[in-house]
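The residues making up each chain are set out below.
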Amino acid sequence: MFFHFVREAIFNVTSKSPLPPLLLSPINVAKALKHVAHHGIVLVHYKTETNPERRSELKGSLFEILNRTKDWIDVYRRFVRIREDGIEHVEIPNIEWDTAREALLNAVCHRDYFQRRPIVVSIHKNRLEVESPGGFIGGVNNANILRHAPVHRNELLGRVFVSAGLVEQLGVGVDRMFLEHLRNGKALPAYESDESFVRLTLPFEVHTAFARMVRTFESRQEAFDLNDLLLLRSLLTRPFLDRWGASEILGRNEDEAAKKLVELRDRGILAAKGRGRGTAYIYAQDFRVAMLGKTANDRMEIMDRDVVKTRVQEVLRKKGKLTNRDVRAFSGYSAMGVYKIFKA
């Protein structure tokens with residue numbers, strides 16, 4: 001019966017009967033995974049992009065693998081120190097163990113056990129990668145993974161993880177990884193995949209000003225949610241956000257995205273340029289200087305015309321048409337000003 005349970009949990013052979021409580025104990029979960037031939041994990045550290053310096057292959061119980069992986073990762077952890085406004089220093093690691101653990105558990109839970117390959121965890125100079133056998137299923141892809149309803153290749157195994165206390169609940173791990181990564185001032189986790197693999201990349205670099213802003217708001221009991229952080233982080237690489245751009249980033253409809261932008265404006269973090277449906281949002285002045293540097297305001301004034309042109313191109317791509325009046329609405333330029341921008 002025990003090995004029948006292993007077969008169900010790993011290979012997703014469904015059963016309508018409830019699982020015996022004894023088999024859901026952490027000890028039996030560990031035993032179950034220990035008897036699966038290909039659930040092992042390979043750890044690799046790269047000295048350069050093409051030169052692996054250290055390699056270790058782990059097999060055994062999942063609990064043992066997690067502990068040994070943490071010890072291995074701890075060797076390569078480095079810290080960036082930031083000072084919060086009026087508060088003590090905070091150290092942010094290049095690798096957050098909670099995030100790495102979540103990525104590893106997701107890989108173990110969702111991998112394709114019919115493929116005779118291990119999960120590979122690799123540490124590079126600027127990132128951690130977790131690659132698991134088997135592509136996404138059920139319509140999930142690299143772009144929609146945050147918003148798509150959870151799809152489980154090995155649902156029974158996921159239920160075992162919950163019962164064993166390895167995860168809090170099914171379907172929230174990706175959100176938690178993104179939230180923790182963003183609040184620490186790092187770029188978005190990135191997925192790559194095809195039918196044979198899924199690779200998650202967790203960048204190391206910390207944007208200290210962004211991390212400081214997040215911690216400052218948290219200290220005031222005004223924490224950001226995941227949608228807030230997705231929008232604010234995107235403004236570090238985009239000149240502005242509008243309802244259409246925010247809709248793409250959040251995977252929500254335009255009205256919901258616009259509401260989020262307005263909320264951030266009302267909190268004093270964003271400033272609006274233009275009016276109506278074409279309103280563009282940028283960091284408010286103090287935040288813009290903190291995020292982008294002391295010359296941010298000067299650069300912003302110089303870039304205004306280029307920003308308008310970029311927005312026009314984006315709206316045309318999405319909507320197919322745009323009038324002089326529409327451009328005046330979101331840019332604040334006069335009719336002659338709009339004409340001069342596009343004549344130049």
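What counts, and where the lines are drawn
Residues numbered from 1 in each chain as written. Predicted model: local features only at pLDDT ≥ 70, side-chain atom pairs only at ≥ 80, totals over all residues. Heavy atoms only, no water. Helix = DSSP H or I, 4+ residues; strand = E, 2+ residues; numbered from the N terminus. Buried < 20%, exposed > 50% of the residue type's maximum accessible area, 1.4 Å probe, protein only. Contact = heavy atoms within 4.5 Å. Areas by Shrake-Rupley, 256 points an atom, 1.4 Å probe, with all protein chains shown as cover. Phe/Tyr/Trp six-rings, centres within 6.5 Å; stacked < 30°, edge-to-face > 60°. Lys NZ or Arg CZ within 6 Å of the ring centre and 35° of its normal. Axes fitted to C-alpha atoms, helices over the stretch in contact; angles between N-to-C directions. Parallel < 35°, antiparallel > 145°, perpendicular 65-115°, else oblique. Nonpolar A, V, L, I, M, F, W, Y, C, P; charged D, E, K, R; others polar. Core = buried A, V, L, I, M, F, W, Y, C linked by side-chain atoms within 4.5 Å. Pairing = 2+ DSSP bridges. Salt bridge = Lys/Arg side-chain N within 4 Å of Asp/Glu carboxyl O. 1 Å grid on protein atoms, 1.4 Å probe; cavity = no way out; pocket = protein on both sides within 12 Å on 5 of 7 lines; lining within 4 Å. Points joined across faces, edges and corners; volume = space filled by probe spheres on them.

A. Representation of the overall build of the protein chain in the model. Helix and strand counts for the protein chain stand at 14 helices and ten strands. Buried residues in the protein chain amount to 48% of all 344 residues. A fraction of 57% describes how many contacts in the protein chain between residues 6 or more apart in sequence connect residues 24 or more apart. Element-wise, carbon and sulfur atoms account for 51% of the exposed surface of the protein chain, whose accessible area totals about 17,700 Å².

B. Summary view of the packing of aromatic side chains. Applying the stated criterion to the full structure yields four aromatic pairs. Relative to F224, the ring of F217 lies with its centre 5.0 Å away and its plane at 45 degrees, an arrangement referred to as tilted. Each member of the pair, F217 together with F224, is buried. Here R111 stacks its cationic end above the ring of Y113, 4.7 Å away from the centre of that ring. One residue, R220, lies across the ring of F217, its end atom 5.1 Å from the ring centre.

C. Quick peek at the packing of helix 9 (residues 243-250) against helix 10 (residues 254-266). Viewed as axis vectors pointing N to C, helix 9 and helix 10 meet at an angle of 105 degrees, and their least axial separation amounts to 8 Å. Between helix 9 and helix 10, the angle falls in the class roughly perpendicular. Residues R243, W244, A246, S247 and L250 of helix 9 pack against E254, D255, A257, A258, K260 and L261 of helix 10. In terms of residue class, the contact of helix 9 with helix 10 is built from six nonpolar, one polar and four charged.

D. Spatial organisation of the nonpolar core. F161, F210, M213, F224, L232, I269 and Y283 are the most contacted members of the largest nonpolar core, which has 67 residues in total. Of the residues forming this core, the biggest block, eight residues, is contributed by helix 4 (residues 97-110). Counting residues in each nonpolar core, the second largest holds five residues, with I82, V90, I92 and V206 among its members.

E. Representation of the sheet that holds strand 6 (residues 127-133) in the model. The mixed open sheet is built from six strands, whose spatial order is 2-1-5-6-8-7. The open sheet has two edge strands with one neighbour each: strand 2 (51-58) and strand 7 (190-194). Taken pair by pair, the neighbouring strands of this sheet meet at an average axis angle of 15 degrees, ignoring direction. Note: strand 1 (residues 41-48) against strand 2, seven bridges, orientation antiparallel. Note that in strand 2 the partner of V42 across the bridge is E57.

F. Here's a closer look at the side chain of S132. Within the element layout of this structure, S132 appears in strand 6. On the accessibility criterion, S132 (8% relative accessible area) is buried.

G. The arrangement of the pattern of salt bridges in detail. For the structure shown, the criterion picks out 19 salt bridges. Note that R77 is salt-bridged to D74, the shortest N-O span being 3.9 Å. Given a relative accessible area of 31%, D74 falls into the partly exposed group. Across the pair E192 and R199 runs a salt bridge, and its minimum N-O distance is 3.3 Å. Overlapping salt bridges, with partners in common, bring together D225, D228, K260, E263 and R267 in one network.

H. A look at unusual backbone geometry. A positive phi angle, close to 60 degrees, is found at Q221, a residue other than glycine. Take Q221: it is sitting in the loop between helix 7 (208-219) and helix 8 (226-234).

I. The layout of surface pockets, seen in detail. A volume near 300 Å³ is recorded for the second largest pocket. Contributing elements (two or more residues each) for the lining of the second largest pocket: strand 7, helix 8 and helix 9. Ranked by the residues each element gives to the lining of the second largest pocket, the list is headed by helix 9, at three residues. Grouping the amino acids of the lining of the second largest pocket by side-chain chemistry returns eleven nonpolar, four polar and two charged.

J. Highlighting helix 6 (residues 173-183). Those residues of helix 6 that fall on the buried side of the exposure criterion are G173, V174, M177, F178, H181, L182 and R183. In the segment just after helix 6, G185 is the residue with positive phi, at about 80 degrees.

K. Seen up close, the environment of G274. Relative to the helices and strands, G274 is located in the loop between strand 9 (270-273) and strand 10 (280-283). Since its relative accessible area comes to 35%, G274 is described here as partly exposed. Linking G274 and V327, residues 53 residues apart in sequence, is a C-alpha distance of 9.2 Å.

L. Fine view of the side chain of H45. Here H45 is to be found in strand 1. Taking the relative accessible area as the measure of exposure, H45 reaches 12% and is therefore buried. In this structure, H45 is in contact with N51, P52, E53, R54, W72, Y76 and I123, ignoring residues within four places of it in sequence.

M. Spatial organisation of the pairing of strand 10. Where strand 9 and strand 10 come together, four bridges link them in antiparallel fashion. Counted as the bridge partner of A272 is Y281 from strand 10. Between strand 9 and the antiparallel strand that follows it, strand 10, lie six residues; G274 among them carries a positive phi value of about 90 degrees.

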